[in-house]
There are 2 protein chains.
Amino acid sequence: MYYEVEQKFPVDDLAGVAERMEALGATIGEAQVEVDLYFAHPVRDFAETDEALRIRRKGQKHFITYKGPKIDRTTKTRREIDLPLPAEAGTFEAWRGMLEALGFSPVGEVRKSRRKAHITWQDRDVECSLDEVDRVGTFVELELIVDDKQLDAARTCIGSLAEELGLFASERRSYLELLLGRT
Amino acid sequence: MYYEVEQKFPVDDLAGVAERMEALGATIGEAQVEVDLYFAHPVRDFAETDEALRIRRKGQKHFITYKGPKIDRTTKTRREIDLPLPAEAGTFEAWRGMLEALGFSPVGEVRKSRRKAHITWQDRDVECSLDEVDRVGTFVELELIVDDKQLDAARTCIGSLAEELGLFASERRSYLELLLGRT
């Protein structure tokens, strides 16, 4: 089973962080708009169980993602199942219809402009996202996908890179939670 | 909204029906194995609500299908949402994992060898399936997908074609219901 080890930091000076990433050898990608539609489960209260289900549109690409409960208190480590959907016009609306027929209901749409970068740190390829999130703010996310044997090493790696980049005051809440004003 | 108008008939002599279809101008396709894994909903009793959710593997192709309750007593008319999934090895198992994480649980696997044919009847393209279903039997299905304005005409068309092909004693139960011995 694979886990997402992730930390997210609010950032005032996104350009400054991008410069520090470039100094570490990263190439910052083009900005891409991502639209995430989140759903409530027919009976489980995802806010309570700390799970999430969303469909994402990124240009013509589409994905469906389930996130399981966070399994520690510092990072956002959790089980993640991320599956591609067909890259066709209409996929987003068709899947909204499928999920609604099954009793899931839309709870919020997170829209952001994301630039991606990869930094090799402690022999790992850390995925970095520089995010400008509509109605929420600007953030940097650092992420590794690892199996359960590498969880501790992955957390150490992320924490060390964050320090190097001058990131602090990590935010455990999701963009959806921030958007909906949950605490 | 689109509906599936379908009738299914138990058939002893599948070769005889195939001949009658060919006499009407149909070309019978190659046999293809279809594996359908059906799921129970986390709270709705699909046997009670007359709905269904399944994932299908057909060679490298994969689909996910939701079927709503039947809306009449004679044919198997119902709402259907049928969406393609990526044609990749591993898709079937990955989707089983996704659905299980969301609280759906597998209830039965229907495996059949299906040959398809199309017959133009009353100006409509009727999809015909000649099915040999493991542990269930041999059947012919006649199907049209239409919008709600064409439901009556579609039912008339299917009934008339069935008569022409010598099909009778239609079966309303699904292959899954027949497999599980539900009445």
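Residues numbered from 1 in each chain as written. Chains lettered and ligands numbered in written order. Predicted model: local features only at pLDDT ≥ 70, side-chain atom pairs only at ≥ 80, totals over all residues. Heavy atoms only, no water.

(A) Fine view of the interface of chain A and chain B. Contact residues are listed per partner, giving 24 residues for chain A and 24 residues for chain B. Approximately 1900 Å² of surface area, both sides summed, lies buried where chain A meets chain B, with 79% of it carried by carbon and sulfur atoms. Considering only the surface of chain A that becomes buried against chain B, A:Met98, A:Ala101 and A:Leu102 emerge as the three largest contributors, covering 29% of it. Along the contact surface separating chain A from chain B lie zero salt bridges. Going through the elements one at a time, β4 (61-70), β5 (78-85) and α3 (91-101) of chain A are the ones with two or more residues in the side of chain A that touches chain B. Looking at the side of chain A that touches chain B, its residues break down into 17 nonpolar, four polar and three charged. (Contact = heavy atoms within 4.5 Å. Buried area = accessible area lost by both parts, 1.4 Å probe. Salt bridge = Lys/Arg side-chain N within 4 Å of Asp/Glu carboxyl O. Helix = DSSP H or I, 4+ residues; strand = E, 2+ residues; numbered from the N terminus. Nonpolar A, V, L, I, M, F, W, Y, C, P; charged D, E, K, R; others polar.)

(B) Spotlight on helix α1 (residues 14-23) of chain B. Along α1(B), the residues classified as buried are B:Leu14, B:Gly16, B:Val17, B:Ala18 and B:Met21. Buried residues in α1(B) make contact with β6 (105-121), β7 (124-133) and β8 (137-147) of chain B. (Buried < 20%, exposed > 50% of the residue type's maximum accessible area, 1.4 Å probe, protein only.)

(C) Quick look at a negative patch on the surface. Residues and elements named next belong to chain A. Residues Asp12, Asp13, Glu19 and Glu22 make up a contiguous surface patch of negative charge. For Asp13, the location among the structural elements is in the loop between β1 (2-10) and α1 (14-23). The exposure class assigned to Asp13 is partly exposed, which follows from its relative accessible area of 45%. (Patch = residues over 30% accessible without salt bridge, like charges linked within 9 Å, V, L, I, M, F, W, Y side chains within 5 Å. Areas by Shrake-Rupley, 256 points an atom, 1.4 Å probe, with all protein chains shown as cover. Lys, Arg positive; Asp, Glu negative; His and termini not counted. Charge placed at Lys NZ, Arg CZ, Asp CG, Glu CD.)

(D) Seen up close, the relation of the copies chain A and chain B. For the match of chain A to chain B, the screw axis carries a shift of 0.0 Å, the RMSD comes to 0.0 Å, and the turn is 180°. Here the two chains are linked by the operation of a two-fold rotation axis. A high fraction, 100%, of the interface residues of chain A reappear at the interface in chain B, so the copies pair face to face through one surface. (Least-squares fit on C-alpha atoms with pLDDT ≥ 70 in both.)

(E) Region of interest: the packing of aromatic side chains. Taken as a whole, this structure holds four aromatic pairs over all chains when the rule is applied. Both rings, one in A:Phe104 and one in B:Phe104, keep their centres 6.3 Å apart while their planes meet at 20°; by these two values the pair is stacked. Taken together, the positions of A:Phe104 in the loop between α3 and β6 (105-121) and B:Phe104 in the loop between α3 (91-101) and β6 put the pair across two chains. On the basis of relative accessibility, which here comes to 2%, the residue B:Phe104 falls in the buried class. For A:Arg57, the ring lying beneath its charged end belongs to A:Phe92, and the centroid distance is 4.5 Å. Here the basic side chain of B:Lys8 rests over the ring of B:Tyr175, its NZ or CZ set 4.0 Å away from the ring centre. (Phe/Tyr/Trp six-rings, centres within 6.5 Å; stacked < 30°, edge-to-face > 60°. Lys NZ or Arg CZ within 6 Å of the ring centre and 35° of its normal.)

(F) Fine view of the pattern of salt bridges. Residue and element names in this part refer to chain B. Per the counting criterion, the structure on display carries 36 salt bridges over all chains. Residue Asp36 pairs with Arg54 through a salt bridge whose shortest N-O separation is 4.0 Å. With Asp36 in strand β2 (residues 32-40) and Arg54 in strand β3 (residues 52-58), the pair connects residues that are 18 residues apart, well separated along the chain. Per residue, the accessibility class of Asp36 equals that of Arg54, and both read buried. A salt bridge links Asp36 to Arg56; its shortest N-O distance comes to 2.7 Å.

Nothing here speaks to function; it is geometry throughout.
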